[in-house]
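Next come the chains, spelled out residue by residue.
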Amino acid sequence: MTRTGVLIETGEGKIKETNFGVLTAARGKAGDNEVYALLLDGDAEAAKAELSAFGVQKIIAISIASGDLATSPELQADAIVAAAKEYELKAVMGLASTTGRDLFARMAATLDLPLISDCISVDVNENSAVKSHFSGKTFATIKVEAELMLCTVRPNAIEAVKAPAEAEAISFSATVSDGAKVKIIERKKGDGGKVDLTEAPVILTGGRAIKSAENFSMLEECAALLGAAVGASRAAVDAGYAPHSMQVGQTGKTVGPKLYLACGVSGAVQHFAGMKTSKVIVGINTDKDAPIFAKSDYGIIGDIFEVIPALTEALK
Ligand code: FAD
């Protein structure tokens, strides 16, 4: 049995669904690890029901004695480190999201400990995790020898499985020095109301074949019916059809949805690096020899300007 902490991320005041896969991994293979949910900005009491359903035993609502936790990733990282020490955690896990990447790197640097980032599976009891290398061409199992295992998990890489428990809410005030050099002064919201790419269970990605920014509305319409997010290949982004925030791939976002529809995307290795762990991949391409088909579970040889409207109609 290992006492494991999971940093819980919230968005729009709600607990992100992708946390639940991390909580599942935190319970360990035998499912008997003691799981501590670490909350930086959430209401521990309000989170009780949702987190209890995934085996959380303690919800630690972290605050700091002086300073504003919300405005400083440095203070946040220090506060998580303080909580890990206070509750004698053997591992702290989180999402390989923008926030997770930022905070876990800071924690690893502060503690001078290794960090295994962007894992696709984790065995906390063995201090080991699997992560992809060389743009997803190989996978390595990494074992750390450290008093505290730090790792971030690729969103949606681990299936969330419920395991009901009775979570207890605890308040913890960390004593951290307020010498933060970085301060968040403003947060600008992106595309309001749209499904977050890294969170989405279904993604439709438009490649160069989409031909214009306006044509992305064809994908948006279909995505809205599927509860999906819309992504873009780098060629589509470079051509100015979509913002970089929508780019999937080696130099864009890493995603792992249940269903990934590559619409007019050739299937370059750098694109594949960002969506390889999708559960089911569907390639839609006019070229029967396009590399995407070698990596797809299902292939549709066809024109996206015919296939997507037909799919939208069928969904309606
Ligand atoms: P193309 O390769 O031009 O493919 C378009 C496809 O659409 C073709 O297969 C064509 O047959 C098909 N098509 C054309 N018309 C239609 C139609 N009407 N209906 C259906 N199919 C049609 N790429 C990324 O995506 N993400 C990254 O993060 C990324 N990072 C990179 C990092 C580096 C260092 C480098 C060197 C490259 C990176 N790339 C990345 C670029 C990558 O190598 C490819 O150039 C890019 O993915 C190609 O995008 P695409 O598939 O949309 O375009």
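Up top is the structure these notes are about.
**Considering the overall build of the chain**
(1) Moving on: If you tally the helices and strands in the chain, you get eight helices and 16 strands.
(2) Moving on: Taken over the C-alpha atoms alone, the chain extends approximately 60 × 40 × 35 Å along its principal axes.
(3) Moving on: Looking at the chain as a whole, 51% of its 316 residues are labelled buried.
(4) Moving on: Within the chain, counting contacts between residues at least 6 apart in sequence, those at least 24 apart form 65% of the total.
(5) Moving on: Accessible area of the chain: about 15000 Å², with a carbon and sulfur share of 51%.
(6) Moving on: Placing the 32 positive and 39 negative side-chain charges of the chain at their respective mean positions leaves the two points 4 Å apart.

**Brief notes about the site of the ligand**
(1) Moving on: In the neighbourhood of the ligand, 25 residues make up the surrounding shell, with Arg208, Ser233, Thr251, Ser266 and Gln270 lying closest.
(2) Moving on: The contact in question runs from an oxygen atom of the ligand to an N or O atom on the backbone of Gly252, over 3.4 Å.
(3) Moving on: Asp303 places a side-chain nitrogen or oxygen 3.0 Å from a nitrogen atom of the ligand.
(4) Moving on: For the ligand, whose unbound accessible area comes to 980 Å², protein coverage reaches 74%.
(5) Moving on: Taken atom by atom, the bulk of the ligand overlaps the second largest pocket.
(6) Moving on: Elements supplying a minimum of two residues to the shell around the ligand: α6 (234–238), α7 (269–272) and α8 (304–315).

**Comments concerning unusual backbone geometry**
(1) Moving on: Although it is not a glycine, Glu88 sits at a positive phi angle of roughly 50°.
(2) Moving on: Overall, the relative accessible area of 56% leaves Glu88 in the exposed class.
(3) Moving on: One non-glycine residue, Asn156, adopts positive backbone phi at about 70°.

**Thoughts on the pattern of salt bridges**
(1) Moving on: Tallied over the entire structure, the rule returns twelve salt bridges.
(2) Moving on: Residues Glu34 and Arg3 are paired through a salt bridge, measuring 3.3 Å at the closest nitrogen-oxygen approach. Taken together, the positions of Glu34 in strand β4 (residues 34–39) and Arg3 in strand β1 (residues 3–8) put the pair 31 residues apart, joining distant regions of the chain.
(3) Moving on: Arg154 is the partner of Asp118 in a salt bridge, and the nearest nitrogen-oxygen pair spans 3.0 Å. Of this pair, Asp118 sits in strand β7 (residues 115–123) while Arg154 sits in the loop between β10 (149–153) and β11 (168–174), and the two are 36 residues apart along the sequence. In this pair, the class of Asp118 matches that of Arg154, namely buried.
(4) Moving on: The network of salt bridges with common partners includes Glu221, Glu313 and Lys316.

**Regarding the nonpolar core**
(1) Moving on: Within the largest apolar cluster, 33 residues are counted, with the highest numbers of intra-cluster contacts made by Leu23, Leu51, Met93, Val122 and Met149.
(2) Moving on: For this core, the elements supplying multiple residues, two or more each, are β1, α1 (19–26), β4, α2 (44–52), β5 (56–64), β6 (91–95), β7 and β10.
(3) Moving on: Here this core takes five residues from α1, the largest share from any one element.
(4) Moving on: Setting aside residues no more than four positions away along its own chain, Val122 makes contact with Met93, Ser128, Ala129, Met149, Cys151, Val153 and Ile158.
(5) Moving on: Leu89, Ala108, Ile170 and Ala174 belong to the second largest nonpolar core, which has 31 residues in total.

**Comments concerning the packing of aromatic side chains**
(1) Moving on: Applying the stated rule across the entire model yields three aromatic pairs.
(2) Moving on: Aromatic side chains Tyr36 and Tyr87 sit 5.8 Å apart centroid to centroid with 50° between the ring planes, which places their arrangement in the tilted category. Placement of Tyr36 in strand β4 and of Tyr87 in the loop between α3 (73–86) and β6 is noted, with a sequence separation of 51 residues between them. The burial state of Tyr36 is the same as that of Tyr87; both residues are buried.

**What about the packing of α3 against helix α4 (residues 98–111)?**
(1) Moving on: Taken N-terminus to C-terminus, the directions of α3 and α4 make an angle of 60°; their axes are 9 Å apart at the nearest point. Judged by the inter-axis angle, α3 sits oblique to α4. Considering the relative orientation of α3 and α4, their crossing is right-handed. Of the residues in α4, those touching α3 at Pro73, Glu74, Gln76, Ala77, Asp78, Ile80, Val81 and Lys85 are Asp102, Leu103, Arg106, Met107, Thr110 and Leu111.
(2) Moving on: Taken together, the residues of the contact of α3 with α4 sort by class into seven nonpolar, two polar and five charged.

What counts as what
- Residues numbered from 1 in each chain as written.
- Predicted model: local features only at pLDDT ≥ 70, side-chain atom pairs only at ≥ 80, totals over all residues.
- Heavy atoms only, no water.
- Helix = DSSP H or I, 4+ residues; strand = E, 2+ residues; numbered from the N terminus.
- Buried < 20%, exposed > 50% of the residue type's maximum accessible area, 1.4 Å probe, protein only.
- Contact = heavy atoms within 4.5 Å.
- Areas by Shrake-Rupley, 256 points an atom, 1.4 Å probe, with all protein chains shown as cover.
- Lys, Arg positive; Asp, Glu negative; His and termini not counted.
- Charge placed at Lys NZ, Arg CZ, Asp CG, Glu CD.
- Near = heavy atom within 4 Å.
- Polar contact = N/O pair within 3.5 Å; in protein donor to acceptor, adjacent residues only side chain to side chain.
- 1 Å grid on protein atoms, 1.4 Å probe; cavity = no way out; pocket = protein on both sides within 12 Å on 5 of 7 lines; lining within 4 Å.
- Sits in = over half its atoms within 2 Å of the grid points.
- Salt bridge = Lys/Arg side-chain N within 4 Å of Asp/Glu carboxyl O.
- Core = buried A, V, L, I, M, F, W, Y, C linked by side-chain atoms within 4.5 Å.
- Phe/Tyr/Trp six-rings, centres within 6.5 Å; stacked < 30°, edge-to-face > 60°.
- Axes fitted to C-alpha atoms, helices over the stretch in contact; angles between N-to-C directions.
- Parallel < 35°, antiparallel > 145°, perpendicular 65-115°, else oblique.
- Left-handed = near helix turned anticlockwise from the far one by under 90°.
- Nonpolar A, V, L, I, M, F, W, Y, C, P; charged D, E, K, R; others polar.

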